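Chains, contacts and geometry: an overview
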Amino acid sequence: MIRLGLLRHGHTAWNRAGRIQGRTDIPLDADASAALSKLRLPDGWGQADLWSSPLRRAVETAQLVASHTPRTSPALTEMNWGDWEGKHGKDLHADPASGFRDMEHWGWDFTPPNGEALSSLRTRTVAWATGLQDDAVAVCHIGVMRVLMAHACGYDFVGTPPFQVKRNRLFCIEINQDGWTLKPDPIRLIEDAS
């Protein structure tokens, strides 16, 4: 069995403004960097392989909470949101012609205009995770996390999701030859006393 801990990157200026980032390479903001520098991985995860998306916000988060540089994989890059990148989600949501909809109504065929299909994101992230040889922590993005967690628990992006992605927590998936299991309780990062 392999354990995969998923950690969402810290806040960026675009997160705080409600803008869709996707593959736009926005760094952490100063408040996020300061807060993350006081946190560390939970006990039992410090020796796991450290991976991240190649985007700065994920790499910076990994370096801050693990105190070393992660290996990066393009498979962990956030979903390409196409024409919606940089736009405000609330504005797209308010425009019925935009095609924007809430996660509960996506289904695996959901694709932003000129963006990446959710099913394509699933293919690349599951292939990456299935290839892991040892326990790993992957610092990545909410889209990547949602897809891997949905795959693990059988959620098809129709109806209320059985999980909620929050920051500063590891969401754990156990991967073995019999299948994947999403553990029900995420583990908080630990405040570093040093």
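Okay, so let's go over this structure. (Residues numbered from 1 in each chain as written. Predicted model: local features only at pLDDT ≥ 70, side-chain atom pairs only at ≥ 80, totals over all residues. Heavy atoms only, no water.)

Quick look at the nonpolar core
Leu 4, Leu 6, Trp 128, Leu 148, Met 149, Phe 157 and Ile 173 are the most contacted members of the largest nonpolar core, which has 41 residues in total. For this core, the secondary-structure elements that each account for two or more residues are strand E1 (2–8), helix H5 (118–130), strand E5 (136–140), helix H6 (142–153), strand E6 (169–176) and strand E7 (179–182). When residues of this core are assigned to their parent elements, the largest contribution, eight residues, is made by H6. Beyond its immediate chain neighbours, meaning those up to four positions away, Ile 173 contacts Ile 2, Arg 3, Leu 4, Leu 6, Leu 148, Met 149, Ala 152, Trp 180, Thr 181 and Leu 182. (Core = buried A, V, L, I, M, F, W, Y, C linked by side-chain atoms within 4.5 Å. Buried < 20%, exposed > 50% of the residue type's maximum accessible area, 1.4 Å probe, protein only. Helix = DSSP H or I, 4+ residues; strand = E, 2+ residues; numbered from the N terminus. Contact = heavy atoms within 4.5 Å.)

Comments concerning unusual backbone geometry
Phi is positive for Asn 114, which is not a glycine, with a value near 60 degrees. Turning to its location among the elements, Asn 114 is positioned in the loop between helix H4 (89–94) and H5. We note that Phe 157 has phi near 60 degrees; this positive angle belongs to a residue other than glycine. Assignment of secondary structure puts Phe 157 in the loop between H6 and E6.

Here's the deal with the packing of aromatic side chains
Aromatic ring pairs: the centre-centre distance and the angle between the two ring planes describe each pair. According to the stated counting rule, one finds 11 aromatic pairs in the structure shown. Judged by centre distance (5.5 Å) and plane angle (80 degrees), the ring pair of Trp 51 and Trp 128 falls under edge-to-face. You can see Trp 51 sitting in strand E3 (residues 49–52) and its partner Trp 128 sitting in helix H5, a full 77 residues away along the chain. Cluster of aromatic residues (ring-pair linked, three or more members): Trp 81, Trp 84, Phe 100, Trp 106, Trp 108, Phe 110, Tyr 155, Phe 157 and Phe 163. One Lys or Arg, Arg 3, reaches over the ring of Trp 45 and ends 4.0 Å from the middle of that ring. Above the plane of the ring of Trp 14 lies Arg 19, whose end atom (NZ or CZ) is 3.9 Å from the centre. (Phe/Tyr/Trp six-rings, centres within 6.5 Å; stacked < 30°, edge-to-face > 60°. Lys NZ or Arg CZ within 6 Å of the ring centre and 35° of its normal.)

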